[in-house]
Amino acid sequence: MCGIVGVTGAVGAAGVVYKRLKLLEYRGYDSAGIASMLDGRFYICKRRGRVYSIGGDIKRLHGDTAIGHTRWATHGAPSDANAHPHIAGRFALVHNGIIENYAALKEKYFSGVEFASQTDSEVVVRLLDLFYEGDALAAVAKTVSLLVGSYALVIMCADFDGLIVTKKANPAIIGYGDGASYCASDAPALAGLCSEITVLGDGDIAALTAGRVEFYDGNLHVICREKIANPAVSTELDLHGCPHYMLKEIREVPSSIIRTCDAYTCASDGLSDYLNGVERIIIVGCGTAYNSGLVGKRYFEAFAGIPTEVETAGEFRYKQPIINGRTAVIAISQSGETADTVEAAKLVKGLGGKVIAVTNSPYSELTRIADAVVPVEAGQEICVAATKSYTGQITALYMLSLTLAGMDTQTGAKKLYETAELAKGIIERTDIGAFADTCARSDGVYFLGRDLDYAVATEGSLKLKEISYVPSEGYPAGELKHGTLALIDIRTASVVIITDPALAPKSENAVEQILSRRGKVLVVTNVKDTLQRTEGKADVLEIPVCDKYLSPLLSAVVVQLLAYKTALLLGRDPDKPRNLAKSVTVE
């Protein structure tokens with residue numbers, strides 16, 4: 001969850017770290033801090049708040065080695081004391097992850113010792129100092145051998161002119177610069193700075209000095225790790241005139257569809273053979289990835305006739321699933337590092353099932369586990385709320401379902417191109433400000449739909465609640481009268497999505513039921529009869545007619561824009577909603 005950056009061998013290292021931390025705030029923004037080192041002395045600044053809050057103190061942080069952290073709180077409330085880096089004796093560190101046995105370690109090794117923070121991370125830095133006998137690498141190896149949980153650690157030792165990086169179940173990458181070495185929790189932090197990176201594996205320990213990087217296993221035996229091209233491009237981090245990343249990324253939905261479609265064409269070789277004999281599909285994901293899986297389920301059953309289930313990864317991994325060699329599990333994750341989804345994939349592999357990763361991150365933990373990868377080419381997504389990655393995931397699942405069904409993917413690609421152009425028109429011309437105002441003044445908002453429209457309703461609800469903080473739920477339209485109708489009154493708003501002519505009259509019944517209880521309604525539709533029957537009764541937003549199976553790519557844009565506009569009206573930051581982070585790498 002947290003953002004980590006480190007550099008050694010760079011003039012003004014703290015300034016370099018500060019600029020790069022700002023690129024990682026999507027991973028957490030409860031507090032921030034930087035520590036630098038010069039001649040064995042640590043200089044530190046950390047406080048509650050966003051990265052910019054420490055900008056004025058950078059000039060006090062001397063040296064050519066520095067580490068930085070932007071936090072999403074797990075143990076201990078956001079505060080100056082709980083902010084990273086943490087220092088003990090000859091060591092300073094930043095940590096992303098959760099040390100599950102920190103309380104037991106604290107009791108065993110530091111009983112009666114007063115700690116400066118409430119964090120699990122402080123236990124780690126104190127262990128490093130406790131075990132230190134002149135060899136920093138040995139202290140690191142001994143310390144991490146005791147840790148249970150997940151971690152990416154970047155460590156400075158006063159007696160080592162560089163950085164030590166190690167990880168387990170949380171991402172850490174090494175970057176190679178001109179006379180300097182870098183590390184970060186995510187590639188965008190090094191965009192435009194390092195053209196080549198190395199992705200650390202679990203248990204790796206990397207020693208970074210100004211001109212050299214050495215890799216070791218947990219027993220400190222030298223190992224080799226390959227260099228790969230840094231996939232993050234600095235131009236993707238520009239706002240291009242938009243006030244927020246969320247709006248910029250909604251505007252990139254059409255290119256996400258097209259690029260993902262093109263990438264699938266290049267990566268699809270062998271998928272048919274790999275999927276041969278599959279009799280059952282399980283889709284696992286969390287949040288938006290789960291919601292895109294609801295759309296994918298419809299594709300696999302409608303096109304390929306294969307029974308498909310959709311599970312939240314956090315539940316799936318603990319339910320003793322029945323898996324065999326004829327089961328394919330599609331694991332969806334924007335970051336490829338989502339802890340529950342990664343662990344679910346590992347479980348499936350252990351049970352003999354096939355794992356297909358659908359991800360926007362080509363060098364992630366999930367791609368290393370999977371038997372096959374279906375790429376999402378949405379480009380770097382900075383806003384915490386997923387937008388273009390959601391439509392990219394739907395695109396990837398659509399193309400995969402065509403392959404599994406033995407259908408013509410070229411025809412499918414043509415339909416996707418046409419739909420992308422329609423989505424572009426919606427983004428350019430849709431004015432949803434009036435109903436956003438209605439949502440902003442409502443006690444609650446309900447998103448309703450049937451079949452594929454229900455799948456989009458769940459995503460619309462998630463988007464609204466996570467960035468505007470307006471209570472919201474997504475329901476099948478037919479379930480309205482089985483409980484939810486009790487909540488409808490003049491203080492509530494509902495969004496009813498209707499894109500299937502065959503189901504339209506049924507969903508229109510839900511509209512009438514809401515209106516009769518004085519609820520406010522927005523109908524999002526491309527069904528001509530629905531437009532005529534609801535005009536004058538409810539607010540109506542018309543979207544273009546398209547292939548019904550690709551309608552989620554259009555209605556999704558509408559609900560994304562609605563959430564964005566509502567958040568702005570309420571004075572929320574749509575890019576950095578409270579309590580949330582982009583990449584959920586802890587349970």
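Rules used in this analysis
Residues numbered from 1 in each chain as written. Predicted model: local features only at pLDDT ≥ 70, side-chain atom pairs only at ≥ 80, totals over all residues. Heavy atoms only, no water. Helix = DSSP H or I, 4+ residues; strand = E, 2+ residues; numbered from the N terminus. Buried < 20%, exposed > 50% of the residue type's maximum accessible area, 1.4 Å probe, protein only. Polar contact = N/O pair within 3.5 Å; in protein donor to acceptor, adjacent residues only side chain to side chain. Contact = heavy atoms within 4.5 Å. Pairing = 2+ DSSP bridges. Axes fitted to C-alpha atoms, helices over the stretch in contact; angles between N-to-C directions. Expected span 1.5 Å × (residues − 1). Salt bridge = Lys/Arg side-chain N within 4 Å of Asp/Glu carboxyl O.

K.L.:
When you look at the side chain of K463 in this model, what are you seeing that I'm missing?
P.N.:
Relative to the elements of secondary structure, K463 occurs in helix 15 (residues 452-468). Overall, K463 belongs to the buried group, its relative accessible area being 0%. Polar contacts involving the side chain of K463 include one to the side chain of E459, which spans 2.6 Å. Here K463 is in contact with M246, T288, A385, A386, Q560 and A563, once residues within four sequence places are set aside.

K.L.:
Help me understand the sheet that holds strand 21 (residues 444-449), please; the structure alone is not making it clear to me.
P.N.:
Remark on secondary structure: sheet strands pair via backbone hydrogen bonds, oriented parallel or antiparallel. Strands sit in the order 22-21-23-24-25 across an open sheet of five strands; the sheet is parallel. One side of each edge strand has no neighbouring strand; the edge strands of this open sheet are strand 22 (472-476) and strand 25 (539-542). In this sheet, adjacent strand axes meet at a mean angle of 20° when their direction is disregarded. Bridge count for strand 21 against strand 22 is five bridges, and the pairing is parallel. Considered in strand 22, the bridge of V445 is made with S472. Running at roughly 160° to strand 23 (residues 492-498), helix 18 (residues 552-569) makes contact with strand 21, strand 23, strand 24 (520-525) and strand 25 of the sheet.

K.L.:
So what exactly am I meant to see when it comes to helix 13 (residues 409-429) here?
P.N.:
Structurally, the α-helix is built with 3.6 residues per turn, so residues lying three or four positions apart point the same way. Relative to the 30 Å expected for 21 residues at 1.5 Å per residue, helix 13 spans 30 Å between its end C-alpha atoms, a close match to the ideal helical length. Looking at the buried side of helix 13, the elements it contacts are helix 5 (245-251), helix 6 (253-267), helix 12 (388-405) and helix 18. Capping the start of helix 13 is the job of one residue whose side-chain oxygen sits 3.0 Å from the backbone nitrogen of Q410: D408.

K.L.:
What am I meant to see in the environment of I323 here?
P.N.:
Among the secondary structure elements, I323 is positioned in the loop between helix 9 (313-316) and strand 18 (327-333). A C-alpha to C-alpha distance of 37 Å links I323 and I467, two positions 144 residues apart in sequence. What I323 contacts, discounting residues up to four positions off in sequence, is I282, F316, V329, V348, L351 and G353.

K.L.:
What exactly am I supposed to notice about the sheet that holds strand 18 here?
P.N.:
Here we have five strands laid out as an open sheet, ordered 17-16-18-19-20, and parallel in their pairing. The sheet is open, and its two borders are formed by strand 17 (308-312) and strand 20 (372-375), each paired with just one other strand. Across the sheet, the axes of successive neighbouring strands diverge by a mean angle of 20°, strand direction being ignored. The pairing of strand 19 (residues 354-359) with strand 20 spans four bridges and is classified as parallel. The residue of strand 20 that forms the bridge with I356 is A372.

K.L.:
What should I look at first to understand the pattern of salt bridges in this one?
P.N.:
For side chains of opposite charge, pairing can occur when their charged atoms come near one another. Under the defined criterion, the tally for this structure stands at 36 salt bridges. Here E365 ties to K346 by a salt bridge, and the two come within 4.0 Å at their closest N and O atoms. One end of the pair, E365, is in helix 11 (residues 365-369); the other, K346, is in helix 10 (residues 339-350), and 19 residues separate them in sequence. Taking relative accessible area as the criterion, K346 reaches 31% and is therefore assigned partly exposed. For R533, the salt bridge identified is with E508, shortest N-O distance 2.6 Å.

K.L.:
Teacher, can you tell me more about the side chain of S389 here?
P.N.:
If you trace the backbone, S389 turns up in helix 12. Within polar-contact distance, the side chain of S389 engages the side chain of E381 at 2.7 Å. Setting aside chain neighbours within four positions, we find S389 in contact with Q334, V376, A378 and E381.

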